[in-house]
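# A structural walkthrough
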Amino acid sequence: MKKNLDAKYDHKAVEDGRYDEWVKKGYFTAGDKAKDPFTIVIPPPNVTGILHIGHAWDNTLQDIIARYKRMQGYDMLYLPGMDHAGIATQARVDARLKSEGISRYDIGREKFMERAWEWKEEYASTIRKQWAKLGNSLDYSRERFTMDEGFNKAVRHVFVTLYNEGLIYRGWRIINWDPEARTALSNIEVYYQDDPGKMYYFRYVVKETGEEIHVATTRPETMFGDVCIVVNPNDERWKHLIGLHTTNPANGEELPIIGDDYIDMDFGTAIMKCTPAHDPNDFAIAERHHLPKPICMNPDGTMNKLCGKYEGMDRYAARDAVVEQIKEDGNLVKIENITHNVGHSERTHCVVEPYLSQQWFVRMKPLADDVLAHQKDPDQKINFYPERFEKTFNQWLENIEDWCISRQLWWGHRIPAWYNKKTGETYVGETDPKDPENWVQDEDVLDTWFSSALWPFATLGWPEETEDFKRYYPTDVLVTGYDIIFFWVARMAFQARHFTHNRPFRDVLIHGLIRDEQGRKMSKSLGNGIDPMKVIDDYGVDALRFFLTTNSTPGQDMRYIPAKVEAAWNFINKLWNASRFVLMNLDDGMRMDDVDLTNLSAADAWILNKLNLTIDHVSENMEKYEFALVGNELYSFVWNDFCSWYLEMCKSSLNSDDPAIRKGAQSTLLVVLNNIVRLLHPFMPFVTEEIYLTMPHTQESICKETWPKHIDNIPEADMEGMDRLVSMIQKIREIKAANDLKPSAVLSVMAKDLDGNVISPKPYLSAILAKMAKAEWKEELDGDLTVETIYQGSLYLPSSQLQDPAEEIKKLEAEKKRLESELARSSHILSNPGFLAKAPAAKIDSEKQKQEAYQKQYEVITTRLAQLKK
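Note that the structure is a prediction, hence the values are computed from the model and not measured.

### Focus on the packing of helix α15 (residues 532-539) against helix α16 (residues 541-550)
- Between α15 and α16, whose axes approach to 7 Å, the crossing angle comes to 120°. It follows that α15 is oblique to α16 by the angle criterion. Together, P532, V535, I536 and Y539 of α15 and V541, A543 and L544 of α16 make up the contact between the two elements.

### Description of the pattern of salt bridges
- Counted according to the given criterion, the structure contains 62 salt bridges.
- Of the charged contacts in the structure, one is a salt bridge between E390 and K381, with a shortest N-O distance of 2.9 Å. The exposure classification of E390 matches that of K381, with both residues buried.
- Between K811 and E788 there is a salt bridge, with the nearest N and O atoms lying 3.4 Å from each other. Placement of the pair is K811 in helix α25 (residues 805-830) and E788 in strand β28 (residues 785-790), with a sequence separation of 23 residues.
- K811 sits in the partly exposed class, given a relative accessible area of 24%.
- Looking at E788, the relative accessible area reads 11%, which means it is buried.
- Within this structure, R18, E21, K25 and E690 form a network of salt bridges that share partners.

### Concerning the UniProt feature "domain: Valyl-tRNA synthetase tRNA-binding arm" (unreviewed entry) in the protein
- Cross-referencing UniProt, the feature "domain: Valyl-tRNA synthetase tRNA-binding arm" (unreviewed entry) maps to residues 806-869 in the present numbering.
- End C-alpha to end C-alpha, residues 806-869 measures 10 Å, and it is 92% helix and 0% strand.

### Things to note about the UniProt feature "short sequence motif: 'HIGH' region" (unreviewed entry) in the protein
- Mapped onto this numbering, the UniProt entry annotates "short sequence motif: 'HIGH' region" (unreviewed entry) at residues 45-55.
- Helix makes up 27% of residues 45-55 and strand 0%, with an end-to-end C-alpha separation of 8 Å.

### Things to note about unusual backbone geometry
- Cis rather than trans, the peptide bond between Y385 and P386 has omega equal to 0°.
- Inspection of the secondary structure assignment puts P386 in the loop between β15 (383-385) and α10 (388-398).
- Here W462 and P463 are connected by a cis peptide whose omega angle stands at 15°.
- Following the sequence through the fold, P463 ends up in the loop between α12 (455-458) and α13 (467-472).
- A positive phi angle, near 70°, is found at H349, a position not held by glycine.

### A few points about the state of the cysteines
- Scanning all chains against the criterion turns up zero disulfides.
- Among the cysteines around C307, which has no disulfide bond, C296 carries the closest sulfur, lying 4.7 Å off.
- The thiol sulfur of C404 is not disulfide-bonded, and the nearest other cysteine sulfur, from C350, lies at 15 Å.

### Some points on the sheet that holds strand β5 (residues 168-178)
- A sheet is described by the order of its strands in space; here four strands give the open sequence β6-β5-β14-β16, paired in antiparallel fashion. The open sheet has two edge strands with one neighbour each: β6 (183-185) and β16 (403-404).
- The sheet contact formed by β5 and β6 spans three bridges and is antiparallel. Bridging across to β6, N176 finds its partner in L185.

### So, the environment of A184
- The residue A184 is located in strand β6 in this model.
- C-alpha separation for the pair A184 and Q408, spaced 224 residues apart in sequence, amounts to 6.6 Å.
- With residues up to four places along the chain from it excluded, the contact list for A184 reads I175, N176, W177, Q359, C404, S406, R407 and Q408.

About the criteria used
Residues numbered from 1 in each chain as written. Predicted model: local features only at pLDDT ≥ 70, side-chain atom pairs only at ≥ 80, totals over all residues. Heavy atoms only, no water. Axes fitted to C-alpha atoms, helices over the stretch in contact; angles between N-to-C directions. Helix = DSSP H or I, 4+ residues; strand = E, 2+ residues; numbered from the N terminus. Parallel < 35°, antiparallel > 145°, perpendicular 65-115°, else oblique. Contact = heavy atoms within 4.5 Å. Salt bridge = Lys/Arg side-chain N within 4 Å of Asp/Glu carboxyl O. Buried < 20%, exposed > 50% of the residue type's maximum accessible area, 1.4 Å probe, protein only. UniProt positions renumbered as here; feature names shortened; annotations may be inferred. Disulfide = S-S within 2.5 Å. Pairing = 2+ DSSP bridges.

Structure, rendered in structure tokens:
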């Protein structure tokens, strides 16, 4: 044990080397079978770069739970790992190759994969260093990667099983195509935004009658893939055209005119061109009418040979050229400027092309229905915090579409399907064909989310029945953002349900996004991103962690406000200085065994009872993941009750000539500080470790400590009397400041309870009031009395003691307004049927008591105002 803490809090000195020591000593390694297991698997960061502030938030929430559960006595497994992130990582490696003047096509697939693995190792090393700086209590002996050997085995097993069950199939469908990455995307990898565009109206002439019709499109470049013109057979204006023909103004080819009731008779000209290979609705029409589906575009977004002289042109350049040609031919009617909703790639941000392609799909409805059925079972469902996100989860599963899982990439899990070179038959298996020379493997890889959907159980050794899988699965809680409920949470849910016949995790804690101080989403274009490592250098990780986890309620976005990070640092500094005070006032050699709480002052009993209330409330809210409430309660207890009040109150006991009184104060100081650092440890592990090791302790590290419990055998304290005393001291100090009175000026005061009864001053309370507020507590005062509201009562003092009577009216008016606001709030709550039906009885009673107190204080204030205004 150190003699003292350093004079000043230095976060760099406190944090330096500490994490490596924890890891080396195995504090985070799971496996104690004498304890009940608790499991969190880290949402695996992509090996595409460094961790951002969102990762810091997500990881800190997980680590708080992990450290809390470890202290509660669980065999805590917090499992680390990373995701290969197919498209994103390939794009980064491609960019690196481009900077070297080469492309992946120049070096071939095998060499490209070598370079990709080198990238992975480079960035995985960086991510581990960042995990360390964040203080994540991870079990590195179990670290996994979504493309390691065991994961590949699990992925193959899942693919083959679903294929054999008829839940994976290969077919031609309109998919979302990313021309920049040259790969298919699933629907949820596409985001939509309103983009400026144009609506082009072209003239078509009916061959048989010479009749002129107008057809509109936003994408003239796809006209080379048109196979017909479509009208609604119920449309009296145009149904006579069905069976006739017209000419495509883009290439002069003849197009039949057909009828289909998909056409909206009230939209536009009610005549539509049909391009089955480049529009999902057109594809459906072509399927119904057995029409061809010609593709007019190359995978890179250029036009193909079907487009004649436009072959090789970029799709947008071709659009302009085609429109110009049609205009010269006299077939352009008009062009309208519009704003329309356009799909963009979530990865490359380019405009997505609806594209006919042969891809692999998962048949989703039976898998989704199985999850939805189990969400109705309280013992099997996944519990969402906040609850409202379960509705989001369920709605997506209820309206789910088949999932396109193949990607035209090299970096990823290769699809375990082979095609016979001679017969063309397909073989799908967990092992390679026995005669590989006669087979060629599918070139595509699987969507990244296909493998990460197995994360909660494949990380534990599944499909093998490993000891870890049997012990730690299903996992207990997943922490993630609301933005990937569809991408990841839902997919883990249905893969887990189908393959393990269980939920992947009991609880899901949903958090929001971190925005900048102005509420804007962080982005490279705005230049408003925050590097958590820079914040750690400036303020320390403990301050960052405390800010991130106590400034937002579950499910809500949070604004990154530097002043609040600084406030968190100030709070830690306050704790540091308070700890120094405690240590300096303990006898040399004092140990935890020397604690004696049998002879306590009123202040000692008060702070210990306050501590018990704090432990109870904090423990309750930790179980509900309400970390903002926990943070606020701990902040209030440490800063206000302990530092601002008790440390002042206990000084007289510490200076007492009576050894028993002194011992009671020292014991109280040690017990309270010990519990404070343990309560704060999950939030700020480094500084609490430093303080813990400096004071008398029972474990070699706070990481081995237990979670605080309610302290028994404490004398009952006059909690209302002490809380009222604190309120009186605060109010007297405010009155002196407002009236330009010196702090040493002695005031005479009287107190009444809410019912107007005079409160007789008790000697020990009077002594504290005299010492800390320089005030004499009287049972009776004469003359005109000023009134102030205090906790559970009113404070009175002679008006003659104050310098500015007008100031009294001003303050009373402000207090009247505050009480009116509180009464309105309380009335609104107590008249809400939802609150009365759902809230615990204790909470309802508490609110009623508050309302009653506000009303009585309001009457005192209004009475005094009436007197002053006569």
